[in-house]
Structure formats: structure tokens, C-alpha cells
Amino acid sequence: MRTLLVMLLCMLGGQSALAWNGRGHALVAELAWQALTPEARADVEALLEGDLDARGEPSGRDRLTQIASWPDEIREHERANNPAAYRGWHSRTNQVCSEALGKCPKGLCVDEIIVTQTQILADLQRSHRERNEALKWVVHLVGDLHMPLHSGEQGAAGSKPAQLSGKKQKSGSTLHTVWDDALLDAAVKGWKIPALDERPTQPPYSPAEPRRWMLESRDVSRDSVFAGLPGFACGQPTPDQFELDAAYQAASVPVIRQQILLAAQRLAGLLNASLR
Ligand SMILES: [Zn+2]
């Protein structure tokens, strides 16, 4: 497993995106792959035949880990022409101090797209291309939903500048990007990933599950992203920038590991239920 992880980290080094970075998405995909039935694996392999990249060119990709960031790639590609392309599709802005659901115009937000794309994936009347793209959406978005800031925000605090005490980091880092990149990379480094039979079991997939996962992820955001911030309290304005001390950084490690495992287990359950 460690060799695999090192390989993934090397393969994906340098990628970054507005979500768990490419390394996080590839890890979720790899852990899900391990938990797929032989039938679901065969179906995944068939669906990746003739896969196309963001420009619509043959990608040569034939593994789940390789397509896990495709929705970020097409967004990046489209943004050259249309800065609003796919805006809001990868998240839902639920507020962590409220029970109200965030907006989801035309059903285009993370939990609802997972449901609709899962239906397309399972529908054998759909074309190969539609089911291929549906697979790429669900693999990516189940990962995104489990990144706590994709399911739970406090005002626009995720976009405010954030520094990790005692660490060098990219200029322009925000609370959201440090969770995507630096904290994720620190959590994955040296992780002894539990064997398949030691991972949390999950209820079978149903269309009600993605919302439940999202609301749980919102609560993780409240309790683990925000509650540990200096001066944070519901009903109070958040500071204009954050200094994340060593204790905050250490506390993020088990949270991120748990979210990655949950994403992988749930993705595997969804794929096993939808493919045959
Ligand atoms: Zn994303």
C-alpha cells in the first residue's frame, strides 16, 4: 500500500485544484477500487474504454485513479471561454451554524449531481459516453463532498487568508486551499491505511444517502474546520485571516483520514450498487 501511495503522490505531484487536490481524489478512487466487486471492476474497465480528456481527445486513461480529477480538468478548460462554467457543481454552501440547506440552482450542486449522475451510470439505455462521464462525475464528487469545506461554510470564511504556523506555504493560501493541499498532504504522509476489513462499513447506497453524507460533512466542517479556529463562535463575525497553530494542524490529521476512508467506502458502495 505504501508503494502505491508513493507512486500516486509522484504521479500526481504538482496538480492542484479547488477541492481535495489531485492526490486526494486519486487516493479515494484507489481505495474505492480495492472494495469493488469483480463485476463492478469489469464494468469500470469497460466504461473507461475510449475515454476522452478535457479537450475531447483520447486520454488513454484506463484506471479509476486517473480519471478522478476530470471534472476539475474540464472546468479549468472551459473557464478560458466561460469563467462561470460549472460554478457551484462541486460543493453546496450550507452554513455550519444553520440547519438550512444551501442553494442548489437547477439541481447543480454536489449532492444532487451525485444522485442524478448515479442514475445515468446505472441506466443501460444510456450511451457509453454518458455513462463514462457519469462515472467520472461520481468518482470526483463523492470525494469533494467529503472535503468538509465543500459541504459546510461559515459566511465566506473559507476564502479568507490562512497561514500554517511554522510552515512555508504558497502565497495566496486560504482556509479552503490549506485544507485542500497542505493539510491533506500532511494527513496522508506516513498513513498506515487500514486493511479493507478494518474500514468503516456503510449502509447500502440509496438516493437519500448523498444528502445525509453531505450534512454529516457539514457538521465535520463546523466541529473540525471552524470550532478549532481562534475566536470562532456561531453568531460572531469570523476574523479576516487565520493563523493555524500546531495543535490545529495535528487535529486535522485524523479528520482528513476519516473523510477519505468514508468517501472511498461510500463510493465503492455506490459503484457496486450501480454497476453489474
Ligand atoms: Zn472538485
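The preceding data block contains the structure.
None of the values given here were measured: they were computed from a predicted structure.

*Asks:* Would you take a moment to explain the pattern of salt bridges for this structure?
*Replies:* Where charged atoms of side chains with opposite charge meet at close range, the side chains can pair. For the coordinates displayed, the defined rule picks out 20 salt bridges. For the salt bridge of aspartate 43 with arginine 131, the shortest nitrogen-to-oxygen distance reads 3.9 Å. You can see aspartate 43 sitting in helix 3 (residues 38-47) and its partner arginine 131 sitting in helix 7 (residues 128-146), a full 88 residues away along the chain. The two residues aspartate 43 and arginine 131 agree in class, both being buried. The salt bridge partner of aspartate 219 is arginine 222, with a shortest N-O separation of 3.3 Å. One end of the pair, aspartate 219, and the other, arginine 222, are both in helix 10 (residues 209-226), 3 residues apart, so they sit about a helical turn from each other. Under the relative-accessibility criterion, arginine 222 is labelled partly exposed at 25%. Within the structure, one salt-bridge network assembled from shared partners comprises Glu99, Arg218, Asp219, Arg222 and Asp223.

*Asks:* Got a minute to help me understand helix 3 in this structure?
*Replies:* In an α-helix, one turn spans 3.6 residues, which is why side chains three or four residues apart end up on the same side. Those residues of helix 3 that fall on the buried side of the exposure criterion are Ala40, Asp43, Val44 and Leu47. Buried residues of helix 3 fall within an arc of 100 degrees about the axis and therefore sit on the same side. Tucked into the core, helix 3 has its buried residues touching helix 2 (22-34), helix 4 (64-67), helix 6 (110-122), helix 7 and helix 11 (246-274).

*Asks:* Explanation requested: the layout of surface pockets in the structure shown.
*Replies:* Picture a little ball the size of a water molecule; that probe, rolled over the atoms, points out where space is still empty. Within this model, the largest pocket holds a volume of roughly 550 Å³. Lining of the largest pocket is provided by 26 residues; of these, Gly88, Ser91, Thr93, Leu149 and His176 occupy positions nearest its centre. Going through the elements one at a time, helix 5 (70-79) and helix 8 (175-180) are the ones with two or more residues in the lining of the largest pocket. Residue composition of the lining of the largest pocket, grouped by class: 9 nonpolar, 11 polar and 6 charged.

*Asks:* Mind showing me how you'd approach the environment of arginine 63 here?
*Replies:* In this fold, arginine 63 is placed in the loop between helix 3 and helix 4. Once the C-alpha coordinates of arginine 63 and tyrosine 248 are considered, the two residues, 185 residues apart in sequence, prove to be 35 Å apart. Sequence-distant contacts of arginine 63, defined by excluding residues within four places in its chain, comprise Glu30 and Leu48. Only 3.2 Å separates the side chain of arginine 63 from the side chain of glutamate 30, close enough to count as a polar contact.

Reading the values: rules and limits
- Residues numbered from 1 in each chain as written.
- Predicted model: local features only at pLDDT ≥ 70, side-chain atom pairs only at ≥ 80, totals over all residues.
- Heavy atoms only, no water.
- Salt bridge = Lys/Arg side-chain N within 4 Å of Asp/Glu carboxyl O.
- Helix = DSSP H or I, 4+ residues; strand = E, 2+ residues; numbered from the N terminus.
- Buried < 20%, exposed > 50% of the residue type's maximum accessible area, 1.4 Å probe, protein only.
- Arc of directions from axis to C-beta.
- Contact = heavy atoms within 4.5 Å.
- 1 Å grid on protein atoms, 1.4 Å probe; cavity = no way out; pocket = protein on both sides within 12 Å on 5 of 7 lines; lining within 4 Å.
- Points joined across faces, edges and corners; volume = space filled by probe spheres on them.
- Nonpolar A, V, L, I, M, F, W, Y, C, P; charged D, E, K, R; others polar.
- Polar contact = N/O pair within 3.5 Å; in protein donor to acceptor, adjacent residues only side chain to side chain.

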